[in-house]
Amino acid sequence: MQLNYFPINIEFEQYQISTELYSDERLTELRNLHNATHSFFRNGESIYISNKDGDENTTIGLTSKRSTFGDHQITSSLIKHVFFRTFKDRFPKYTPVDFYPFRFFSGQQKDDIIYDALPDN
């Protein structure tokens, strides 16, 4: 049987994440400046900042504590962003087409349903 989910066992009650007050302009600015190393997502009136590959000395926003389960929407978004960025780094030939649910095109010829109908050129 093939399932399309993977259970995650989180063993801590709280975590720290950087935040800033939300505005369209600030979110765009942060992504333009730091998108290569950080992920940014909005929840309510805050921008949440995940530093995956950036310099640990680069401080963006203020550090705040969140409840792993009490703030489940933020926790879920953070997990999705870390997963997405890790996938892109690990498998650069695959471009995800959807974020949620996470989908990407197969690179195997057997999965290309029109391959045999296409001309050689």
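A quick note: this is a predicted structure, and the numbers were derived from the prediction, not measured.

1. Section: the overall build of the chain
(1) Moving on: When its secondary structure is counted, the chain shows 2 helices and 6 strands.
(2) Moving on: Here the C-alpha radius of gyration of the chain, 18 Å, is well above what a compact globule of 121 residues would show, namely 14 Å.
(3) Moving on: Referenced to the eigenvectors of the C-alpha coordinate spread, the extents of the chain come out at roughly 55 × 35 × 25 Å.
(4) Moving on: Here the chain, with 121 residues, has 25% of them falling under the buried criterion.

2. A look at a nonpolar patch on the surface
(1) Moving on: Together, F6, I8 and I79 make up a nonpolar patch on the protein surface, roughly 340 Å² of accessible area in all.
(2) Moving on: Within the element layout of this structure, F6 appears in the segment before β1 (14-21).

3. Things to note about helix α1 (residues 24-34)
Because each turn of an α-helix spans 3.6 residues, side chains separated by three or four positions in sequence point in the same direction.
(1) Moving on: Considered for burial, the residues of α1 that qualify are L27, L30 and H34. Along α1, the residues classed as buried sweep out an arc of 65° about the axis, all on the same side. Projecting away from the buried face of α1 at angles above 90 degrees are the exposed residues E25, N32 and L33.
(2) Moving on: If you follow the buried residues of α1, they end up packed against β1, β2 (38-43) and β3 (46-51).

4. Describing the pairing of β1
(1) Moving on: As paired elements, β1 and strand β4 (residues 62-67) share 6 bridges and run antiparallel to each other. Within the sheet, the bridge partner assigned to S18 lies in β4 and is T63.
(2) Moving on: Where β1 and β3 come together, 4 bridges link them in antiparallel fashion. Looking across to β3, one finds that S18 is bridged to I49.

Rules used throughout
Residues numbered from 1 in each chain as written. Predicted model: local features only at pLDDT ≥ 70, side-chain atom pairs only at ≥ 80, totals over all residues. Heavy atoms only, no water. Helix = DSSP H or I, 4+ residues; strand = E, 2+ residues; numbered from the N terminus. Rg over C-alpha atoms; globule rule 2.2 N^0.38 Å. Buried < 20%, exposed > 50% of the residue type's maximum accessible area, 1.4 Å probe, protein only. Patch = residues over 30% accessible without salt bridge, like charges linked within 9 Å, V, L, I, M, F, W, Y side chains within 5 Å. Areas by Shrake-Rupley, 256 points an atom, 1.4 Å probe, with all protein chains shown as cover. Salt bridge = Lys/Arg side-chain N within 4 Å of Asp/Glu carboxyl O. Arc of directions from axis to C-beta. Contact = heavy atoms within 4.5 Å. Pairing = 2+ DSSP bridges.

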